[in-house]
Amino acid sequence: MFDQQEKVTFIGGGNMARSIIGGLIKRGYPAHLITVTAPTDRTRQRMADDFGVNTAEDNAKGAKEADVVVLAVKPQLLDIVCERLVADMGGHGDKLYLSIAAGVTVDTLQAYLSGAPRIVRTMPNTPSLLGLGMTGLYAPAGTKQDDKLFSQSLMAAVGKVVWVEEEAGINHVIAAAGSAPAYFFLFMEAIQTEAENMGFDAETARLLVQQTAQGAAQMVTESDLPISTLRSQVTSKGGTTAEALRTFEEGELSTLVAKAMRAAVARAEDMAKQF
Ligand SMILES: NC(=O)C1=CN([C@@H]2O[C@H](COP(=O)(O)OP(=O)(O)OC[C@H]3O[C@@H](n4cnc5c(N)ncnc54)[C@H](O)[C@@H]3O)[C@@H](O)[C@H]2O)C=CC1
Ligand SMILES: O=C(O)[C@@H]1CCC=N1
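The name an unreviewed UniProt entry assigns to the protein is Pyrroline-5-carboxylate reductase, from the organism Corallincola spongiicola. UniProt, in the comment section headed Pathway (unreviewed entry), describes the protein in these words: "Amino-acid biosynthesis; L-proline biosynthesis; L-proline from L-glutamate 5-semialdehyde: step 1/1." The protein has a UniProt comment under Subcellular location (unreviewed entry) that states "Cytoplasm".

**Topic: the environment of phenylalanine 185**
Positionally, phenylalanine 185 belongs in helix α8 (residues 180-197). Owing to a relative accessible area of 44%, phenylalanine 185 belongs among the partly exposed residues under this scheme.

**Observations regarding helix α1 (residues 15-26)**
Because each turn of an α-helix spans 3.6 residues, side chains separated by three or four positions end up pointing in the same direction. Over its 12 residues, α1 runs 16 Å from end to end, which matches the ideal 16 Å to within 8%, given 1.5 Å per residue. Most of α1 sits out of view: 9 of its 12 residues are buried. Turning to α1, its buried residues are Met16, Ala17, Arg18, Ser19, Ile20, Ile21, Gly22, Gly23 and Leu24. In this structure, the buried side of α1 is in contact with β1 (8-11), β2 (34-37), α2 (41-51) and α6 (145-156). The first or second residue beyond α1 is glycine 28, which carries a positive phi of 90 degrees.

**Looking at the nonpolar core**
Judged by nonpolar contacts, the single largest core of 32 residues is most densely connected at Ile11, Val69, Leu71, Leu78, Leu85, Tyr97 and Leu113. Elements with a minimum of two residues in this core: α3 (59-64), β4 (68-71), α4 (78-89), α5 (106-112), β6 (119-123), α7 (168-178) and α12 (253-274). Among the elements that take part in this core, α4 stands out by supplying 6 residues, more than any other. With residues near it in sequence (within four places) discarded, leucine 113 still touches Leu71, Cys82, Val86, His92, Tyr97 and Ile119. Of all hydrophobic cores here, the second largest spans 29 residues; its members include Ala17, Ile21, Ile34 and Val53.

**Some details on the site of ligand 2**
If you check the shell around ligand 2, you find Ala102, Gly178 and Ser179 and nothing else. Burial of ligand 2 by the protein chains amounts to 46% of its free accessible area of 240 Å².

**Here we look at the packing of α7 against α8**
Between α7 and α8, whose axes approach to 5 Å, the crossing angle comes to 30 degrees. Overall, the two elements α7 and α8 adopt an arrangement that is roughly parallel. Within the contact between the two elements, α7 uses Ile174, Ala175, Ala176, Ala177 and Gly178 and α8 uses Ala180, Pro181 and Tyr183.

**Notes on unusual backbone geometry**
The phi dihedral of aspartate 94 is positive, around 50 degrees, even though this residue is not glycine. You can see aspartate 94 is positioned in the loop between α4 and β5 (96-99).

**Observations concerning the UniProt feature "domain: Pyrroline-5-carboxylate reductase dimerisation" (unreviewed entry) in the protein**
Feature annotation in UniProt places "domain: Pyrroline-5-carboxylate reductase dimerisation" (unreviewed entry) on residues 167-271, given in this structure's numbering. Strand forms 0% of residues 167-271 and helix 84%; the C-alpha atoms that close the span are 14 Å apart.

**Points about the packing of aromatic side chains**
Applying the stated criterion across every chain, the model contains 1 aromatic pair. Measuring from centroid to centroid gives 5.7 Å for phenylalanine 187 and phenylalanine 248, while their planes differ by 40 degrees, and the two rings are tilted. Note that phenylalanine 187 is positioned in helix α8 and phenylalanine 248 in helix α11 (residues 240-250), a separation of 61 residues in sequence.

**Observations concerning the sheet that holds β4**
Strand order in this open sheet of 8 strands is β3-β2-β1-β4-β5-β6-β7-β8, and the pairing throughout is mixed. Across the chains shown, the open sheet's two edge strands, defined by having one partner strand only, are β3 (54-56) and β8 (159-163). The average angle at which neighbouring strand axes cross in this sheet is 25 degrees, direction not considered. The pairing of β1 with β2 spans 4 bridges and is classified as parallel. Looking at β2, one finds that valine 8 is bridged to isoleucine 34. Those strands touched by α6 are β1, β4, β5, β6, β7 (133-138) and β8, and its axis lies near 145 degrees from that of β8.

Cut-offs and rules
Residues numbered from 1 in each chain as written. Chains lettered and ligands numbered in written order. Predicted model: local features only at pLDDT ≥ 70, side-chain atom pairs only at ≥ 80, totals over all residues. Heavy atoms only, no water. UniProt positions renumbered as here; feature names shortened; annotations may be inferred. Helix = DSSP H or I, 4+ residues; strand = E, 2+ residues; numbered from the N terminus. Buried < 20%, exposed > 50% of the residue type's maximum accessible area, 1.4 Å probe, protein only. Expected span 1.5 Å × (residues − 1). Contact = heavy atoms within 4.5 Å. Core = buried A, V, L, I, M, F, W, Y, C linked by side-chain atoms within 4.5 Å. Near = heavy atom within 4 Å. Areas by Shrake-Rupley, 256 points an atom, 1.4 Å probe, with all protein chains shown as cover. Axes fitted to C-alpha atoms, helices over the stretch in contact; angles between N-to-C directions. Parallel < 35°, antiparallel > 145°, perpendicular 65-115°, else oblique. Phe/Tyr/Trp six-rings, centres within 6.5 Å; stacked < 30°, edge-to-face > 60°. Pairing = 2+ DSSP bridges.

This is the structure in structure tokens:
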């Protein structure tokens, strides 16, 4: 599965790092090649207990031995974390730096990392934990093929990958995939709540929504039909679904979704100016 097995250090052990590491371990990436750095004992202990990976409190200590450093802290912390990292390591060490941060450009990362020449941006999502992630990748011109291939194989181990030609494409991946699990969760929460209002207990309401969401997603995955055809197959003329869909249309659901996705892109663009 993994042609190249490099030593990978994750700087930060939060939700997204956990999802990627969990997915990697599940797919057989050797735990002894993975290190996670995090400031709190609790996070480091959980990572070690759950996945058997190495941990370090000190970022530079964790990164120094690595071939690949995954930057997995919040965007607003990246400047301080990167600047400290290269200072403590005595330079960027010519490592491959893989960023998962939203809204921080390669140019900015390069400035934070004292000119590190090997940087790849990725935009994953949390279903990576189950091996069902969707990741966008961007490598600036001149990136070595080996670095592209390793970045791709790492993220492909936890789901599907797409490359974007322009860096701006990463923001579009954020809108359509990085942030998007939350859109589906919100929709599912709304169905669950209303099912409870209709009298189902919480457990049954959750079962109704989770099984339906999983079934619908699986149908999209396994069918060659357009999603709109799958929708129309549910929609009997003059029936119940038509009434529900008409209500969504009256509420301009499609326009609202487009607006929400544009808002995610705009926020990523703002962040890129800010950091
Ligand atoms: N959560 C998501 O669905 C996605 C997040 N991302 C990106 O992933 C990055 C991390 O986001 P989350 O995991 O959601 O955040 P999070 O808040 O869950 O995790 C951040 C982690 O950083 C660590 N940390 C804090 N200060 C540190 C320091 N000085 N040195 C080392 N580690 C430190 C902590 O372990 C903390 O748990 C962000 O840049 C975000 O843009 C990208 C795609 C999806
Ligand atoms: O909300 C965020 O900024 C991050 C990036 C994509 C998903 N979570």
